[in-house]
Amino acid sequence: MSRFRLTVDDHIMIAHSLQDPFFGPAQNLHGATLSIQASFFREGLNEYGVVLDIGAATELLAATLEPLRYKNLDEVPELAGKFTTTEVIIEHVAQQLAAGLPADHGLTALEVEAEEHPRARASVRVQL
């Protein structure tokens, strides 16, 4: 059986501070624009010949990112007490995406990748 992946993307502009000497100058409040890609995986295609409807995947990603858009992540309750590194942000996004999938999604995994700038990116894969 063939394995398929559908990827959609979006971006968020955020502010945050990483308040520990480990992070050097990033301890200070600063802004970032993260390009976010969400990939959805399945074995074979569904009865409509798709992994997931592209429009539905795009809307799910946008709705998941909306609470983070133009926010200071230091003030977002769901992220309170965490270093809001790119890795922590994508794990949060992946968990929210998984929770937002319909019960009969048929997916095997999802992956969220964030590019902070052209030379740095992080990803997380969640088995469903």
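This write-up is about the structure you can find in this document. (Residues numbered from 1 in each chain as written. Predicted model: local features only at pLDDT ≥ 70, side-chain atom pairs only at ≥ 80, totals over all residues. Heavy atoms only, no water.)

### Quick notes on the pattern of salt bridges
Per the counting criterion, the structure on display carries 6 salt bridges. Among the ionic pairs, Glu43 bridges to Arg3, the shortest N-O distance being 2.9 Å. Taken together, the positions of Glu43 in strand β2 (residues 30–43) and Arg3 in strand β1 (residues 3–16) put the pair 40 residues apart, joining distant regions of the chain. In this structure, Arg121 and Glu115 form a salt bridge, with 3.6 Å as the shortest nitrogen-oxygen distance. Residues joined by salt bridges that share partners form a network here, namely Asp10, Glu66 and Arg69. (Salt bridge = Lys/Arg side-chain N within 4 Å of Asp/Glu carboxyl O. Helix = DSSP H or I, 4+ residues; strand = E, 2+ residues; numbered from the N terminus.)

### Comments concerning helix α1 (residues 54–65)
For α1, built from 12 residues, the straight-helix expectation of 16 Å at 1.5 Å per residue is met to within 8% by its first-to-last C-alpha distance of 17 Å. The complete set of buried residues in α1 reads Ala57, Leu60, Leu61, Thr64 and Leu65. Each buried residue of α1 lies within a common arc of 125° when the element is viewed along its axis, so the set occupies one face. Across α1 from its buried face, at more than 90 degrees, point the exposed residues Glu59 and Ala63. The secondary structure elements touched by the buried residues of α1 are β1, β2 and α2 (86–100). Regarding α1, its N-cap is Asp53, as a side-chain oxygen of that residue lies 3.1 Å from the backbone nitrogen of Gly55 further along. (Expected span 1.5 Å × (residues − 1). Buried < 20%, exposed > 50% of the residue type's maximum accessible area, 1.4 Å probe, protein only. Arc of directions from axis to C-beta. Contact = heavy atoms within 4.5 Å. Polar contact = N/O pair within 3.5 Å; in protein donor to acceptor, adjacent residues only side chain to side chain.)

### Observations regarding the nonpolar core
Counting residues in each nonpolar core, the largest one holds 30 residues, and the members touching the most others are Ile36, Phe40, Leu52, Leu61, Val93, Leu97 and Val112. For this core, the secondary-structure elements that each account for two or more residues are β1, β2, α1, α2 and β4 (109–117). (Core = buried A, V, L, I, M, F, W, Y, C linked by side-chain atoms within 4.5 Å.)

### Overview of the layout of surface pockets
Approximately 200 Å³ is the volume attributed to the largest pocket. Together, Arg42, Asn46, Glu47, Tyr48, Val50, Val51, Leu52, Asp53, Pro102, Asp104 and His105 line the largest pocket. Here the lining of the largest pocket is composed, by residue class, of 5 nonpolar, 2 polar and 4 charged. (1 Å grid on protein atoms, 1.4 Å probe; cavity = no way out; pocket = protein on both sides within 12 Å on 5 of 7 lines; lining within 4 Å. Points joined across faces, edges and corners; volume = space filled by probe spheres on them. Nonpolar A, V, L, I, M, F, W, Y, C, P; charged D, E, K, R; others polar.)

### Some thoughts on the side chain of His92
Position of His92 among the secondary structure elements: in helix α2. Residue His92 is classed as buried on the basis of its relative accessible area of 12%. In this structure His92 touches Leu68, Glu78 and Leu79, once residues within four positions along its chain are discounted.

Everything listed is a geometric property; what it means functionally is a separate question.
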